Amino acid sequence: MFKKIAVGISGGVDSAVAALLLKKANYQVQGVFMRNWDSNYEAGFCTDEKDFEDATVVCRKLDIPLHRVHFIKEYWNEVFSVVLREYEKGLTPNPDILCNRYIKFDSFFEHCRNNLAVDAIATGHYANTSFGPFLENYNDNEDVRLLQPADKHKDQTFFLSQVQQFSLRKCMFPIANLLKSEVRTIARKEGLLQVASKRDSTGICFIGKRRFQDFIGDFIQTREGFFIDIDSGHKVGEHSGIHKWTVGQRCCLSNFTQAYFIFKKDLSTNNIYVVPGTKHPALWNDLCITETPHWICKEPSDLTNNGVLNCSFRFQHTKPLVPCRVLKNYEGLTILLETNLRALTEGQFGVLYNDSECLGSAKIKHVCHNLVY
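Residues numbered from 1 in each chain as written. Predicted model: local features only at pLDDT ≥ 70, side-chain atom pairs only at ≥ 80, totals over all residues. Heavy atoms only, no water.

Novice: Explanation requested: the overall build of the chain in the structure shown.
Specialist: Summing up its helical and strand segments, the chain has 9 helices and 19 strands in all. A compact globule built from 373 residues should have a C-alpha radius of gyration of about 21 Å, and the chain, at 22 Å, falls within 12% of that. If one aligns the C-alpha atoms of the chain with their principal axes, the spans along those axes are about 65 × 55 × 35 Å. Taking all 373 residues of the chain together, the buried fraction comes to 54%. Long-range pairs, those at least 24 residues apart, make up 66% of the contacts in the chain between residues at least 6 apart in sequence. For the chain, the accessible surface area stands at approximately 17,700 Å², while carbon and sulfur atoms represent 47% of it. Mean positive and mean negative side-chain charge positions of the chain (44 and 42 charges, respectively) differ by 3 Å. (Helix = DSSP H or I, 4+ residues; strand = E, 2+ residues; numbered from the N terminus. Rg over C-alpha atoms; globule rule 2.2 N^0.38 Å. Buried < 20%, exposed > 50% of the residue type's maximum accessible area, 1.4 Å probe, protein only. Contact = heavy atoms within 4.5 Å. Areas by Shrake-Rupley, 256 points an atom, 1.4 Å probe, with all protein chains shown as cover. Lys, Arg positive; Asp, Glu negative; His and termini not counted. Charge placed at Lys NZ, Arg CZ, Asp CG, Glu CD.)

Pasting the structure below:
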């Protein structure tokens, strides 16, 4: 059923080995390199050109064609503009989740299907589905489920939690059953030395070597305000924009015995409330309200039939899963955590899991604080 496969080649080791495994399994493989940002803006810093060179070397080694496609306009409209609006509202968005939903598993998927005449796409994500790493269990009459990979440390299902059925059901994840160390070993054995030891990309590549606060300041107008200690009500410093700070972040204020951390941003006054010490109780919460959730398949039956879903939660992909209870409200979900988490952040996505299955996610709209300030 699936013969022609387009694999997203990023210039890293994971996508290179994904393409290698597809080629060894006798699929007709084509590589596609996505360019989502105009690197002329940050010339000399973004790794776009170096990554394309590495992708080219990999595809030559594997003897597969490499196409270069631009989604600069789509990325600006569907991801970056949304991110800017969120920051202006005092929220902290997640561009990686948005990029996967709107670019890699929408624009990329549609481009490959319409222009390359492929049967499916593949990526080097550490994820799996109920249809299997190579769609060997594909069933046209079933919804696909998003599953965690073998390497739980590299698990990227968090970033795929907003992906839609139409693309996920025809996506292969060839490295689903491999550990990162095994991926690097395969790359070395197969002579993919250009990428075998290459460091993983972190953060948003087009920011380059600049501080995020300086980068985002080029796009959002600066509005100065005060840092206010929630315990004393005193002004303890000044800031140059609430969009430059996020909940839980340390703010370097001098002449204080304890370091201050961001607690909450007030859009109406443009002030930022801070707390002394990273263990201050105001930073730790167990209740949040979300917007309308996106379910990978359909709404879980426990939530539909019983009104309560017992599952697990995370809002940062590197943090352990925490047991929770989920209820529906008139606009989204109410999530009650079994234990307090530090710096639950409005604008981030709460991602829900049941055992090894990623059920979906919802944007955190409001964090309920157990104090008056």
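Once you've had a look at it, read on.
Novice: What's the story with the packing of aromatic side chains in this structure? I'm lost.
Specialist: Two aromatic rings, taken as a pair, are described by how far apart their centres are and by the angle between their planes. Scanning all chains against the criterion turns up 18 aromatic pairs. Between phenylalanine 109 and phenylalanine 166, the aromatic rings sit 5.8 Å apart at their centres with planes inclined by 70 degrees, giving edge-to-face as the arrangement. Placement of phenylalanine 109 in helix α4 (residues 95–115) and of phenylalanine 166 in helix α5 (residues 165–168) is noted, with a sequence separation of 57 residues between them. Here phenylalanine 166 falls in the partly exposed class, since its relative accessible area comes to 32%. Their ring planes at 55 degrees and their centres at 5.3 Å tell us that phenylalanine 215 and phenylalanine 219 sit as a pair that is tilted. Assessed through its relative accessible area of 1%, phenylalanine 215 is described here as buried. According to the relative accessible area criterion, phenylalanine 219 is partly exposed, its value standing at 25%. One aromatic cluster is present, built from ring pairs that chain together Trp37, Trp76, Phe80, Phe215 and Phe219. (Phe/Tyr/Trp six-rings, centres within 6.5 Å; stacked < 30°, edge-to-face > 60°.)

Novice: Even after reading the chapter, I still don't get the environment of isoleucine 72, so can you show me in this structure?
Specialist: Note that isoleucine 72 resides in helix α3 (residues 72–88). Overall, isoleucine 72 belongs to the partly exposed group, its relative accessible area being 27%. In this structure the C-alpha to C-alpha distance between isoleucine 72 and lysine 50, which are 22 residues apart in sequence, comes to 18 Å. Sequence-distant contacts of isoleucine 72, defined by excluding residues within four places in its chain, comprise Arg35, Asn36, Trp37 and Asp38.

Novice: Is there a simple way to think about the pairing of strand β8 (residues 225–229) in this case?
Specialist: Side-chain positions along a regular strand alternate between the two faces of the sheet. Of all 5 residues that make up β8, 4 are buried, and the element is covered over most of its length. As judged from the 4 bridges shared by β8 and strand β9 (residues 235–239), these two strands associate in the antiparallel manner. Directly across from isoleucine 228, in β9, lies its bridge partner lysine 235. The turn linking β8 back onto β9 is made up of 5 residues, and glycine 233 within it adopts a positive phi angle of 80 degrees. Sheet topology places β8 next to strand β12 (residues 271–276); 3 bridges connect them, and they run parallel. What sits directly across from aspartate 229, in β12, is valine 274. (Pairing = 2+ DSSP bridges.)

Novice: What am I meant to see in the pattern of salt bridges here?
Specialist: Opposite charge on two side chains lets them pair, provided their charged atoms get close. For the structure shown, the criterion picks out 16 salt bridges. Note that aspartate 51 is salt-bridged to lysine 198, the shortest N-O span being 2.8 Å. Of this pair, aspartate 51 sits in helix α2 (residues 48–62) while lysine 198 is found in the loop between α7 (193–196) and α8 (212–216), placing the two residues 147 residues apart along the sequence. Residue aspartate 51 is classed as buried on the basis of its relative accessible area of 16%. A salt bridge links glutamate 110 to arginine 113; the shortest N-O distance between them is 3.0 Å. (Salt bridge = Lys/Arg side-chain N within 4 Å of Asp/Glu carboxyl O.)

Novice: In this structure, what is going on with the sheet that holds strand β7 (residues 171–172)? I would like to understand it.
Specialist: The 5 strands lie next to each other as β3-β2-β1-β4-β7, forming an open sheet whose pairing is parallel. Here the strands that pair on one side only, and so sit at the sheet edges, are β3 (66–70) and β7. Examined bridge by bridge, strand β1 (residues 4–8) and strand β2 (residues 28–35) share 5 bridges and lie parallel to one another. Its bridge partner being in β2, alanine 6 is matched across the sheet by glutamine 30.

Novice: In this structure, what is going on with α3? I would like to understand it.
Specialist: Given 3.6 residues to a turn, an α-helix orients residues that are three or four positions apart in the same direction. Phenylalanine 80 marks the point of greatest bend in α3, at about 35 degrees. Turning to α3, its buried residues are Tyr75, Val79, Phe80, Ser81, Val82, Val83, Leu84, Glu86 and Tyr87. Structurally, α3 contributes buried residues whose contacts are with α4, α8 and β19 (357–367). Just downstream of α3 lies glycine 90, where phi reads positive at about 85 degrees. (Bend = angle between axes of the 7 residues up to and from the residue.)

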